[in-house]
Amino acid sequence: MIDTVNASDKDKARFLRVFAFIGSITSFLMAITSYQDGYHALSYLLIIGGFVFASPFVIKNRDETIAVLMLYALYSMMCFLIVSGGSNGTGPLWLFIVSPVTFFIRGLKRGAFDLILLAIIISVLFYFTDQFGYYSYPSHYFPTRVMLCFSILCILAGFYEYYRNKYSLQLMEQLKLNQKLARTDAMTELANRRYATECLRDKRFGEGAVFLLMDVDNFKQINDTYGHQVGDEVLIFFADVFKNVCTEEDIISRWGGEEFLIVIPTGHELRARKVAEKIHKKLAEKPFTSGQHRFHVTLSIGLYVRVADESVDHCLNIADKRLYRAKSQGKNQTVAEVDLAKHEPAS
């Protein structure tokens, strides 16, 4: 059985307070009319119930506990209304509000259990009401039909909750898939450029973060020689290498085409340099293999450590210049030294 898909905390808090407001106002108004009609015990019970329903406006940060307390207070009132008949024998009619409130507060499984237990108790109370000597229903048809209607309403509410949960789960899964598609490069399953750019706004990638801008060496030649299908597999091969040498706190992204970007958080400059070394080492040790094709692939890396108050574009610009120098100096290497001064020109 599919359990309840919880509403957001804000939605649950809003519902709780709406329910509390309606319940408290209704209870106090009914307490007054019941007292005027001479139903003093019912009036006192409704006053107590009104205060219970008003508790969410007084007690803070205990919404889940208060919600269950309110629900069981409602159950207690329902039992009393069955035994006493309420005002002029109309008390049992309030049973019909119980099932939707129960499923929202308790969820599908626990709500179903609560309602089954409540239905058993109410049936027993209906059966023994005459023996209690407190109220006598004019005919057994009334309690029988009330219980029948209550049972049907509970079943329908249960089915509604079941399918609401089912389709909510499907929507949540679809939302997660859409979010993944929006953030992930479909081929390599690395972060795409847009998502990587969003991640770079995090303070962990401020001053001291290390940018590794990488480009596959001779990628056009690989495509021309072996075909674009093999070229795609080469990009996936590189992505797997990056995942093996990086940690979850790093940004690993396909920046575009055969270009990749890894950003190491602040405080890990030494590890970033070792990451670049490990990438070159793994590529040297493990050749790319696809069917009958087996050959070594390499890449060039431009490494830059971010300085305070520098923009992401400025860091990428410098990393790109160092990447270009790595290419011009023979490829398959990392260039990380500073040109002329600590701050290389952006243009």
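Conventions used here
- Residues numbered from 1 in each chain as written.
- Predicted model: local features only at pLDDT ≥ 70, side-chain atom pairs only at ≥ 80, totals over all residues.
- Heavy atoms only, no water.
- Helix = DSSP H or I, 4+ residues; strand = E, 2+ residues; numbered from the N terminus.
- Buried < 20%, exposed > 50% of the residue type's maximum accessible area, 1.4 Å probe, protein only.
- Contact = heavy atoms within 4.5 Å.
- Areas by Shrake-Rupley, 256 points an atom, 1.4 Å probe, with all protein chains shown as cover.
- Pairing = 2+ DSSP bridges.
- Axes fitted to C-alpha atoms, helices over the stretch in contact; angles between N-to-C directions.
- Expected span 1.5 Å × (residues − 1).
- Arc of directions from axis to C-beta.
- Patch = residues over 30% accessible without salt bridge, like charges linked within 9 Å, V, L, I, M, F, W, Y side chains within 5 Å.
- Salt bridge = Lys/Arg side-chain N within 4 Å of Asp/Glu carboxyl O.
- Lys, Arg positive; Asp, Glu negative; His and termini not counted.
- Charge placed at Lys NZ, Arg CZ, Asp CG, Glu CD.
- Left-handed = near helix turned anticlockwise from the far one by under 90°.
- Core = buried A, V, L, I, M, F, W, Y, C linked by side-chain atoms within 4.5 Å.
- Parallel < 35°, antiparallel > 145°, perpendicular 65-115°, else oblique.
- Nonpolar A, V, L, I, M, F, W, Y, C, P; charged D, E, K, R; others polar.

1. Some details on the overall build of the protein chain
In terms of helices and strands, the protein chain carries 11 helices and 7 strands. When its C-alpha atoms are laid out on the principal axes, the protein chain stretches across 100 × 50 × 25 Å. Taken across its 347 residues, the protein chain has 42% of its residues classed as buried. Once local pairs closer than 6 in sequence are excluded, the contacts in the protein chain between residues at least 24 apart make up 69%. If you sum the accessible surface of the protein chain, you get close to 19,500 Å²; carbon and sulfur atoms cover 59% of it.

2. A few points about the sheet that holds strand β6 (residues 299-305)
Read across the open sheet, the 5 strands follow the order β2-β3-β1-β6-β7; overall the sheet is mixed. Looking at the sheet topology across the chains shown, the edges are occupied by β2 (251-256) and β7 (334-335). As defined by bridge partners, β2 adjoins strand β3 (residues 259-264) across 5 bridges and the pair is classed as antiparallel. Looking at the pairing, Ser 253 lines up with Leu 261 of β3. Contacting β1 (210-216), β2, β3 and β6, helix α9 (residues 228-245) runs over the sheet at an angle of about 10° to β3. The strands touched by helix α11 (residues 312-328) are β1, β2, β3, β6 and β7; relative to β6, the strand with the most contacts, the crossing angle is about 140°.

3. Some remarks on helix α2 (residues 40-54)
Compared with an ideal rise of 1.5 Å per residue, which puts 15 residues at 21 Å, α2 spans 21 Å between its outermost C-alpha atoms and is within 8% of the ideal. Taken residue by residue, α2 has Leu 42, Ser 43, Leu 46, Gly 49, Gly 50 and Phe 53 as its buried positions. End-on, the buried residues of α2 take up no more than an arc of 125°, which puts them together on one face. Along α2, exposed side chains directed more than 90 degrees from the buried face belong to Ile 48 and Phe 51.

4. Observations concerning a positive patch on the surface
A surface patch of positive charge is lined by Lys 274, Lys 278, Lys 281, Lys 282 and Lys 286. Mapped onto the fold, Lys 274 is located in helix α10 (residues 269-285).

5. What about the packing of helix α4 (residues 98-106) against helix α6 (residues 141-183)?
As a packed pair, α4 and α6 sit with axes 9 Å apart at the nearest point and diverge in direction by 35°. The handedness of the crossing between α4 and α6 is right-handed. Along the contact surface, α4 presents Val 98, Ser 99 and Phe 103, while α6 presents Phe 150, Leu 153, Cys 154, Ala 157, Gly 158 and Glu 161.

6. Describing the nonpolar core
One finds Val 98 and Phe 150 to be the most contacted residues of the largest nonpolar core, which totals 37 residues. For this core, the secondary structure elements donating two or more residues are α1 (9-36), α2, α3 (63-84), α4, α5 (108-132) and α6. Here this core takes 12 residues from α3, the largest share from any one element.

7. What about the packing of α5 against α6?
Packed helices, taken two at a time, are described by the angle their axes make and the gap between the axes. The N-to-C vectors of α5 and α6 enclose an angle of 180°; their axes lie 11 Å apart at closest approach. The angle between α5 and α6 falls in the class roughly antiparallel. Residues Leu 108, Leu 115, Leu 118, Ala 119, Ile 122, Ser 123 and Phe 126 of α5 touch α6, and the partners they reach there are Pro 143, Val 146, Met 147, Phe 150, Cys 154, Gly 158, Glu 161, Tyr 162 and Asn 165. By residue class, the composition of the contact of α5 with α6 is 12 nonpolar, 3 polar and 1 charged.

8. Brief notes about the pairing of β2
Summarising burial for β2: 5 of the 6 residues are buried, a large majority. Here β2 folds back onto β3 in antiparallel fashion, the turn holding 2 residues, of which Gly 257 has a positive phi close to 60°.

9. Observations regarding the environment of Gly 107
With respect to the helices and strands, Gly 107 occurs in the loop between α4 and α5. Residue Gly 107 is classed as buried on the basis of its relative accessible area of 4%. Along the chain, Gly 107 and Gly 158 lie 51 residues apart, while their C-alpha atoms are 9.7 Å from each other.

10. Overview of α6
An ideal rise of 1.5 Å per residue puts 63 Å on 43 residues; α6 measures up with 62 Å between its terminal C-alpha atoms. Turning to α6, its buried residues number three or more, namely Pro 143, Val 146, Met 147, Phe 150, Cys 154, Ala 157, Gly 158, Glu 161, Asn 165 and Ser 168. Where α6 is buried, its residues contact α4 and α5.

11. Things to note about the pattern of salt bridges
Summed over all chains, the structure comprises 11 salt bridges. Taking the shortest distance from any N to any O, the salt bridge between Glu 161 and Arg 164 comes out at 2.9 Å. Separated by 3 residues within a single helix, Glu 161 and Arg 164 lie in helix α6, roughly one turn from each other. Owing to a relative accessible area of 5%, Glu 161 belongs among the buried residues under this scheme. One connected set of salt bridges, linked through shared partners, spans Asp 215, Asp 217 and Lys 327.

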